[in-house]
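Chain residues, written in single-letter form:
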Amino acid sequence: MKMLPSFRYHPDPIRSGSVVKSPGLCRCCGTARGYIYCGPVYSVHELDDALCPWCIADGSAAAKFDALFVDDEALDTEASEEIYDQLCRRTPGYNSWQAEQWPMCCGDATAFLTPVGLTELRRDFPDRESLLLNHILFEMKITRSLALELLESLHREAGPTAYLFECLHCRRPHFNVDQA
Ligand SMILES: [Zn+2]
Ligand SMILES: [Zn+2]
């Protein structure tokens with residue numbers, strides 16, 4: 001089993017579903033590496049399900065196709081050029097129903113863990129449910145009854161979906177949530 005390249009801001013792209021096992025050829029290096037990236041690609045070229053994670057990690061896909069994998073609008077303007085370059089050009093993005101957000105914390109971009117619905121949240125991240133509700137109430141400014149409704153309706157595949165992030169420095173959980 002080949003080890004995937006390591007991505008600082010997206011540590012487990014298999015778990016998150018942005019990279020899948022596939023016999024397909026990579027359009028950048030021309031070889032079948034066993035894994036294909038199926039997240040968003042921002043490029044004038046049609047590159048859905050067409051790149052291997054190694055060509056994302058080393059920047060060759062971004063350079064060859066003038067592509068971004070995370071929308072530059074997703075990142076706060078306070079991000080440095082290095083963070084922007086590593087996140088948008090050398091990190092697998094994630095599919096979302098609405099505009100991507102990539103939270104910052106401690107002066108750095110956070111790590112994206114995985115999309116979750118209520119089922120995965122309660123099963124795998126039970127300690128984050130109340131934090132997520134607070135995020136919906138106070139960051140998204142949604143009233144309590146609608147916030148509970150949104151929480152109850154979260155679904156990993158069908159949306160609205162919650163996206164879990166964690167600070168690489170202070171370990172604080174962060175969230176992005178689709179509006180219902
Ligand atoms: Zn490749
Ligand atoms: Zn932090």
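Bear in mind that the values here come from a model prediction, so they are computed numbers and not experimental data.

## Here we look at the sheet that holds strand 6 (residues 162-166)
Now for step 1: Strand order in the open sheet formed by 3 strands is 5-6-7, and the pairing between neighbours is antiparallel. A single partner strand is all that each edge strand has here, and the edge strands are strand 5 (111-116) and strand 7 (173-177). For this sheet, the mean angle separating the axes of adjacent strands, direction not counted, is 25 degrees.
Now for step 2: In terms of strand pairing, strand 5 meets strand 6 through 5 bridges, oriented antiparallel. Looking across to strand 6, one finds that Phe112 is bridged to Phe165.
Now for step 3: The strands touched by helix 6 (residues 129-139) are strand 6 and strand 7; relative to strand 7, the strand with the most contacts, the crossing angle is about 55 degrees.

## Here we look at the domain arrangement of the protein chain
Now for step 1: Once the domains are mapped, the protein chain shows domain 1 (1-71) and domain 2 (96-180).
Now for step 2: In this complex, domain 1 contributes 8 residues to the contact, which on the side of domain 2 involves 8 residues.

## Some thoughts on the packing of helix 6 against helix 7 (residues 144-153)
Now for step 1: In the contact formed by helix 6 and helix 7, the axes pass within 9 Å of each other and the chain directions differ by 130 degrees. Here helix 6 is positioned oblique relative to helix 7, judged by the angle of their axes. Remark: the crossing between helix 6 and helix 7 carries right-handed chirality. Residue-level contacts link Leu132, Leu133, Ile136 and Leu137 of helix 6 to Arg144, Ala147, Leu150 and Leu151 of helix 7.
Now for step 2: Tallied by class, residues from the contact of helix 6 with helix 7 come to 7 nonpolar, no polar and 1 charged.

## Some details on the pairing of strand 7
Now for step 1: Burial of strand 7 is extensive: 4 of the 5 residues sit out of reach of the surface.
Now for step 2: Here strand 6 hands over to strand 7 after 6 residues, with Arg171 in that stretch at a positive phi of 70 degrees.

## Overview of the pairing of strand 6
Consecutive residues of a regular strand have side chains that alternate between opposite faces of the sheet.
Now for step 1: Of all the 5 residues making up strand 6, 4 are buried; the element is thus mostly covered by neighbouring parts of the structure.
Now for step 2: One ladder, built from 5 bridges, connects strand 6 with strand 7; its direction is antiparallel. Across the sheet, the residue bridging to Ala162 is Val177, located in strand 7.

## Looking at the nonpolar core
Now for step 1: One finds Leu51, Ala61 and Ala162 to be the most contacted residues of the largest nonpolar core, which totals 44 residues.
Now for step 2: Residue-level mapping places this core at the junction of two domains, with at least three residues from each of domain 1 (1-71) and domain 2 (96-180).
Now for step 3: Apart from residues no more than four positions distant in its own chain, Ala61 is found in contact with Cys28, Leu51, Cys55, Ile56 and Ala67.

Cut-offs and rules
Residues numbered from 1 in each chain as written. Chains lettered and ligands numbered in written order. Predicted model: local features only at pLDDT ≥ 70, side-chain atom pairs only at ≥ 80, totals over all residues. Pairing = 2+ DSSP bridges. Helix = DSSP H or I, 4+ residues; strand = E, 2+ residues; numbered from the N terminus. Axes fitted to C-alpha atoms, helices over the stretch in contact; angles between N-to-C directions. Contact = placed C-beta atoms within 7 Å. Domains from an automatic or database assignment. Parallel < 35°, antiparallel > 145°, perpendicular 65-115°, else oblique. Left-handed = near helix turned anticlockwise from the far one by under 90°. Nonpolar A, V, L, I, M, F, W, Y, C, P; charged D, E, K, R; others polar. Buried ≥ 20, exposed ≤ 12 C-beta atoms within 10 Å, placed from the backbone. Core = buried A, V, L, I, M, F, W, Y, C linked by C-beta atoms within 7 Å.

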